[in-house]
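Architecture and fold: a report
Here is how the chains run, residue by residue.
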Amino acid sequence: TINQLHAREILDSRGNPTIEVECRLADGLTARAAVPSGASTGQREAAELRDGDPARFGGKGVKNAIKQVHETIAPVLIGQDARHQAAIDAMMIELDGTENKSKLGANAILGVSLAVARAAAMASGLPLFQYLGGPGATRLPVPHMNIMNGGVHAHWQGADFQEFMIAPYGANTLREAVEWGSEIYHALQSLLQKKGLSVGVGDEGGFAPHVSSNKAPIELILEAISTAGLRPGADVGIAIDPASSEFFKDGQYHLRAENRTLDPAQMVEYYTRLITDYPIALLEDGMAENDWSGWKQLNQAIGGQIELVGDDIFCTNPAIIAKGIEEDIANAVLIKLNQIGTLTETIAATRLARDHGWGAFVSHRSGETIDSFIADMTVALDTGHLKTGAPARGERVEKYNQLMRIEEALGAAASYAGKNAYVRPIR
Ligand code: PGA
Ligand code: ZN
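As annotated in an unreviewed UniProt entry, the chain carries the name Enolase and comes from Halothiobacillus neapolitanus. In its Catalytic activity (unreviewed entry) section, the UniProt entry covering the chain states "(2R)-2-phosphoglycerate = phosphoenolpyruvate + H2O". UniProt's Subunit (unreviewed entry) comment on the chain is quoted here verbatim: "Component of the RNA degradosome, a multiprotein complex involved in RNA processing and mRNA degradation."

With that settled, the discussion passes to the nonpolar core. With 137 residues, the main nonpolar core has L5, I19, I73, F161, L188 and Y271 as its most contacted residues. Counting residues per element, this core draws most heavily on helix α3 (residues 106-124), at 11 residues. What L5 contacts, discounting residues up to four positions off in sequence, is V21, E22, C23, V69, H70, I73, A74, L77 and V112.

Moving on, we come to the coordination of the zinc ion (ligand 2). Within the protein, the atoms that donate to the zinc ion (ligand 2) are D241 (OD), E284 (OE) and D311 (OD), at distances of 2.0 to 2.2 Å. Sequence positions of the donors to the zinc ion (ligand 2) reduce to the motif D-x42-E-x26-D. With E284 in strand β11 (residues 280-284) and D311 in the loop between β12 (307-310) and α9 (318-327), this residue pair connects regions lying 27 residues apart in the sequence. Of the two residues examined, E284 and D311, each falls in the buried class.

Once that is clear, we can look at the sheet that holds strand β15 (residues 385-387). Taken in spatial order, the eight strands of this closed barrel run β5-β6-β7-β11-β12-β13-β14-β15, and their pairing is mixed. Direction aside, the axes of adjacent strands within the sheet are offset by 30 degrees on average. For strand β7 (residues 237-241) and β11, the ladder comprises three bridges, and the chain directions are parallel. When the bridges of β11 are listed, I240 appears paired with L283.

For the rest of this paragraph, the subject is the environment of G181. Structurally, the position occupied by G181 is in helix α5 (residues 174-194). Here G181 is in contact with M145, I166 and P391, once residues within four sequence places are set aside.

What follows deals with helix α8 (residues 292-302). Taken together, the buried positions of α8 are W292, G294, W295, L298, N299 and I302. Taken end-on, α8 shows its buried residues confined to a sector of 155 degrees, consistent with a single buried face. The inward-facing, buried residues of α8 contact α7 (264-277), β11, β12 and α9.

Our focus in this paragraph is the site of ligand 1. Residues in close proximity to ligand 1 total 14 residues, the closest being A39, H153, R365, S366 and K387. For ligand 1, an oxygen atom lies 2.6 Å from a polar atom in the side chain of S366. The contact in question runs from an oxygen atom of ligand 1 to an N or O atom on the side chain of K387, over 2.6 Å. Look at ligand 1: alone it shows 280 Å² of surface, and the protein chains cover 100% of it. Of the residues contributing to the shell around ligand 1, the split by class is two nonpolar, five polar and seven charged.

Tallying each qualifying case throughout the model produces 24 salt bridges. The salt bridge involving K387 is made with D241; its shortest N-O contact spans 3.2 Å. Here K387 is found in strand β15, whereas its partner D241 is found in strand β7, with 146 residues between them in sequence. Grouping residues by exposure puts K387 and D241 together as buried. When the shortest N-O distance is used, the salt bridge between E284 and K387 registers 3.0 Å. Of the two residues, E284 sits in strand β11 while K387 sits in strand β15, which places them 103 residues apart along the sequence. Among the charged side chains, a network of salt bridges with common partners joins R8, E20, E22 and R32.

Another aspect to go through is the pairing of β7. For a regular strand, side-chain orientation follows a simple rule: the groups alternate between the two sheet faces. Burial analysis of β7 places five of its five residues in the buried class, the great majority of the element. Side chains G237, A239 and D241 project from β7 onto one buried face, and the interleaved I238 and I240 project onto a second face that is buried too. Relative to β7, strand β6 (residues 163-167) runs antiparallel, the two being bridged by five bridges. When the sheet's bridge partners are listed, I166 is paired in β7 with I238.

Okay, the side chain of D291 next. When you line up the elements, D291 lands in the loop between β11 and α8. Within the buried set, D291 has no salt-bridge partner at all; the shortest N-O distance to an opposite charge, 12 Å, is to K323. At 2.6 Å, the side chain of D291 and the side chain of Y253 are in polar contact. A polar contact of 3.0 Å, which involves the side chain of D291, links it to the backbone nitrogen of G294.

Here the UniProt feature "domain: Enolase N-terminal" (unreviewed entry) sits at residues 2-132. Secondary structure across residues 2-132 divides into 39% helix and 18% strand, with the first and last C-alpha atoms of the span separated by 18 Å.

The next point concerns the UniProt feature "active site" (unreviewed entry) in the chain. As annotated in UniProt, the feature "active site" (unreviewed entry) corresponds to E204 and K336 in the numbering used here. Structurally, E204 can be placed in the loop between α5 and α6 (216-227). Residues in contact with E204, not counting those within four places in the same chain, are N146, N149, H153, E163, H364, R365, S366, G389, A390 and R396. Mapped onto the fold, K336 is located in the loop between β13 (332-335) and α10 (337-340).

How each quantity is defined
- Residues numbered from 1 in each chain as written.
- Chains lettered and ligands numbered in written order.
- Predicted model: local features only at pLDDT ≥ 70, side-chain atom pairs only at ≥ 80, totals over all residues.
- Heavy atoms only, no water.
- UniProt positions renumbered as here; feature names shortened; annotations may be inferred.
- Core = buried A, V, L, I, M, F, W, Y, C linked by side-chain atoms within 4.5 Å.
- Buried < 20%, exposed > 50% of the residue type's maximum accessible area, 1.4 Å probe, protein only.
- Helix = DSSP H or I, 4+ residues; strand = E, 2+ residues; numbered from the N terminus.
- Contact = heavy atoms within 4.5 Å.
- Donors = N, O, S within 2.8 Å, 3.2 Å for Na, K, Ca; no water.
- Pairing = 2+ DSSP bridges.
- Axes fitted to C-alpha atoms, helices over the stretch in contact; angles between N-to-C directions.
- Arc of directions from axis to C-beta.
- Near = heavy atom within 4 Å.
- Polar contact = N/O pair within 3.5 Å; in protein donor to acceptor, adjacent residues only side chain to side chain.
- Areas by Shrake-Rupley, 256 points an atom, 1.4 Å probe, with all protein chains shown as cover.
- Nonpolar A, V, L, I, M, F, W, Y, C, P; charged D, E, K, R; others polar.
- Salt bridge = Lys/Arg side-chain N within 4 Å of Asp/Glu carboxyl O.
- Lys, Arg positive; Asp, Glu negative; His and termini not counted.

Quick look at the structure:
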């Protein structure tokens, strides 16, 4: 039984305030959860409640969200059974009453939703991944490590494309995948230094040097994979999130780094070329959230060959995902808890995708905390893959570290998703 909900303002990895919530049960067990925050956000994401008081944190304070936890949510949830996650989330959705959770704040609601789940797991005496996923939750995901950052995550210092990830799908275990990721990361660091390029990092811990094309980071990463003694394509693939909504204006894609502008058909050609030239396993947000016809063209062109993940366009929202499935515009969906605002809806979004043969790619946000909830959730939902930043920086590695703990706890029962992680498996 929930006895107390306490929220407080803490800092996220970018130094901005965010909310963490503690859920205390009647027997004294207390669990804590913290809420992340994005920079390249989709327009239809659930709303973060920010104070807007310029005197504090440039308006980004979350005291109002905290007040909603204490004064609106807690009075209704105290006395409820923490194991009744769906009912608890439904109560908060009803209390809020808006389409996008703007009254109580998706940050307030999600903090409570996750703290309640963790408290219930503790009360059940189960690790979180098993509480959420049952005894069948034994498959470890392929970690997608974002080792070069561009776009808004690098404040437009580097490439236009936001994320260049490595996918160590040829490893035998999650632990080996993490080891490879770390070795490649360091090989890349040395390579950049040798080439006189900056080794300063972006928001997700990847390097963000000045480059003159969006292919340059791929070339650098391929070289780093080889230097680390691994085979590009066979052992380790590449995944890209251009976050193209950020450079889509007036119906055109503006590639600043390359000094050119492409229309949607040309952008599709660009990617078609890219996936023939390089071992790319997954492409996220190749097209912009307001370019549904471009998405459709892209899916028709290359959706049969690689996983095409929709992030900004779907916002983890089951209603929008349903429309995307109907119109056949992608073949996978990005899963971010705070885009929709409750654990129950996040699980529903994941199930909807999987039930229609789509992939579900779990993700952190660029503004993170050390909360590793998504590591457990990914194993529980058996989505086979996740992205949670570089294999460096505390808020990023904590998720990978948690996955290694889970693999260890599972022992011989553990398996690794490997090349079957994708909706279009690697051959
Ligand atoms: P965000 O970036 O957390 O800044 O939105 C992540 C992404 O675009 O996938
Ligand atoms: Zn994205």
